[in-house]
Amino acid sequence: MSEVLLEISHLNKTFQSNKGSVQALHNIQLNIKEGEFLTVIGPSGCGKSTLLKIIAGLDTQYNGSVKLGNLQVVGPGIEKGFIFQEPRLFPWLTVEKNIAADLSLKNADTRKKVDELIELVRLKGFEKSYPRELSGGMAQRVAIARALLRNPKVLLLDEPFGALDAFTRAHMQEVLIDIWQKNKMTMIFVTHDIDEAIYLANRVVILKPRPGSIRNIVPIDLPFPRKKSNVSFQELRFKVLNEFEKIEELELIDSSGI
Ligand code: ADP
Ligand code: MG
């Protein structure tokens with residue numbers, strides 16, 4: 001049994017605005033093991049991005065406890081890599097310089113690491129290209145390589161393939177599983193695509209909205225490589241869909257004021 005890397009307990013988050021307060025997360029309890037691939041799925045507005053930002057240390061205004069490797073998360077740091085939906089590359093820098101970020105490629109260690117990452121994200125031959133010359137999938141692979149440069153313990157991904165077409169998306173899922181298996185790192189991946197959530201994960205966390213809370217956690221015990229057309233995959237798909245239908249029923253009852 002691997003060790004717990006991330007321990008979230010009694011996590012509550014309320015946003016205050018001029019329209020009043022919104023409880024974005026309610027009593028989240030979640031332990032994530034080292035090397036685990038966790039996907040988080042739920043309808044829009046159920047607190048997925050808020051949860052990820054809190055884990056990343058990008059938002060520290062919360063109640064409860066979030067610990068990474070026994071240390072309370074108090075801000076961002078190199079142990080946590082973050083990938084947004086859009087790649088956020090520097091347009092004036094080449095692929096290799098985007099990956100190196102603020103480190104110099106003249107340093108032999110950095111050069112070696114950047115070359116390894118370019119290989120890992122399958123961008124060999126594009127080292128000197130600029131972001132405008134890349135497809136959406138390639139640009140997102142540059143962003144992933146950049147996030148991996150400092151060997152984070154955990155990679156946090158907020159709907160990273162949401163803007164990509166279905167074929168590119170399927171390819172990116174393959175690339176990400178390959179990276180996860182080679183680097184043996186912990187992944188927390190937010191999506192609203194059920195197939196994607198099941199395809200990648202060891203466990204799928206299903207969130208429900210108002211307030212954002214955990215509806216269920218579904219273990220995915222399928223061996224890799226996986227096939228979406230497989231019967232056991234489809235069974236899990238029904239299980240997750242069923243949870244969503246229950247959320248919708250609750251929402252309908254809620255909005256009708258019963
Ligand atoms: P998701 O990523 O699941 O779509 P979010 O985490 O972005 O959801 O948002 C959860 C809830 O918190 C929503 O009701 C949203 O309107 C609210 N919220 C998010 N960010 C802010 C903010 N900066 N100020 C006020 N409310 C916010
Ligand atoms: Mg979001």
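- For the protein, the name recorded in an unreviewed UniProt entry is ABC transporter ATP-binding protein, with Paenibacillus agricola as its organism.

### Things to note about the overall build of the protein
- In terms of helices and strands, the protein carries 7 helices and 10 strands.
- Taking the principal axes of the C-alpha coordinates as reference, the protein spans close to 65 × 45 × 40 Å.
- Looking at the protein residue by residue over its 258 residues, the buried ones come to 48%.
- Of all intrachain contacts in the protein linking residues separated by at least 6 positions in sequence, the fraction that spans at least 24 positions is 68%.
- Accessible area of the protein: about 13,300 Å², with a carbon and sulfur share of 52%.
- Charged side chains in the protein number 34 positive and 31 negative. The centres of these two groups are separated by 3 Å.

### As for the pairing of strand 2 (residues 20-33)
- The pairing of strand 1 (residues 4-17) with strand 2 spans 10 bridges and is antiparallel. Residue pairing across strands places Gln 16 opposite Ser 21, the latter belonging to strand 2.
- Between strand 1 and strand 2, which pair antiparallel in sequence order, lie 2 residues.

### Focus on the pattern of salt bridges
- The full count for this structure, using the stated rule, is 17 salt bridges.
- For the salt bridge of Arg 150 with Asp 102, the shortest nitrogen-to-oxygen distance reads 2.4 Å. Pair noted here: Arg 150 is in the loop between helix 4 (136-148) and strand 7 (154-158) and Asp 102 is in the loop between helix 2 (95-100) and helix 3 (108-120), with a separation of 48 residues, a long-range link.
- Note on Asp 102: relative accessible area 64%, which makes it exposed.
- Across the pair Lys 182 and Asp 178 runs a salt bridge whose closest N-O atoms are separated by 3.0 Å. Here Asp 178 and Lys 182 lie together in helix 5 (residues 166-183), a separation of 4 residues that amounts to about one turn.
- When its relative accessible area of 54% is taken as the criterion, Lys 182 is described as exposed.
- Salt bridges sharing common partners tie together Glu 96, Arg 111, Asp 115 and Lys 128.

### Some points on the sheet that holds strand 9 (residues 203-208)
- Taken together, 6 strands build an open sheet; the order of strands is 6-7-8-3-9-10 and the sheet is mixed. The two strands at the open ends of the sheet, each matched to only one other strand, are strand 6 (80-83) and strand 10 (213-219). Recorded for the sheet is a direction-independent mean angle of 20° between the axes of neighbouring strands.
- Judged from the 4 bridges that link them, strand 6 and strand 7 form a sheet pairing that is parallel. The residue of strand 7 that forms the bridge with Ile 83 is Leu 157.
- On top of the sheet, helix 4 reaches strand 6 and strand 7; it is set at about 170° to strand 6, its chief contact.
- Packed on one face of the sheet, helix 5 meets strand 3 (37-41), strand 7 and strand 8 (186-191) and runs near 160° to strand 8.

### Here's the deal with the site of ligand 1
- The environment of ligand 1 is formed by Phe 15, Val 22, Ala 24, Pro 43, Ser 44, Gly 45, Cys 46, Gly 47, Lys 48, Ser 49 and Thr 50.
- Within the backbone of Gly 47, a nitrogen or oxygen atom sits 3.1 Å from an oxygen atom of ligand 1.
- One of the side-chain nitrogen or oxygen atoms of Thr 50 is found 2.5 Å away from an oxygen atom of ligand 1.
- Burial of ligand 1 by the protein chains amounts to 60% of its free accessible area of 560 Å².
- If you list the elements that add at least two residues to the shell around ligand 1, you get strand 2 and helix 1 (48-56).
- Of the residues forming the shell around ligand 1, the biggest block, 3 residues, is contributed by helix 1.
- Residues belonging to the shell around ligand 1 are distributed by class as follows: 5 nonpolar, 5 polar and 1 charged.

What counts and what doesn't
Residues numbered from 1 in each chain as written. Chains lettered and ligands numbered in written order. Predicted model: local features only at pLDDT ≥ 70, side-chain atom pairs only at ≥ 80, totals over all residues. Heavy atoms only, no water. Helix = DSSP H or I, 4+ residues; strand = E, 2+ residues; numbered from the N terminus. Buried < 20%, exposed > 50% of the residue type's maximum accessible area, 1.4 Å probe, protein only. Contact = heavy atoms within 4.5 Å. Areas by Shrake-Rupley, 256 points an atom, 1.4 Å probe, with all protein chains shown as cover. Lys, Arg positive; Asp, Glu negative; His and termini not counted. Charge placed at Lys NZ, Arg CZ, Asp CG, Glu CD. Pairing = 2+ DSSP bridges. Salt bridge = Lys/Arg side-chain N within 4 Å of Asp/Glu carboxyl O. Axes fitted to C-alpha atoms, helices over the stretch in contact; angles between N-to-C directions. Near = heavy atom within 4 Å. Polar contact = N/O pair within 3.5 Å; in protein donor to acceptor, adjacent residues only side chain to side chain. Nonpolar A, V, L, I, M, F, W, Y, C, P; charged D, E, K, R; others polar.

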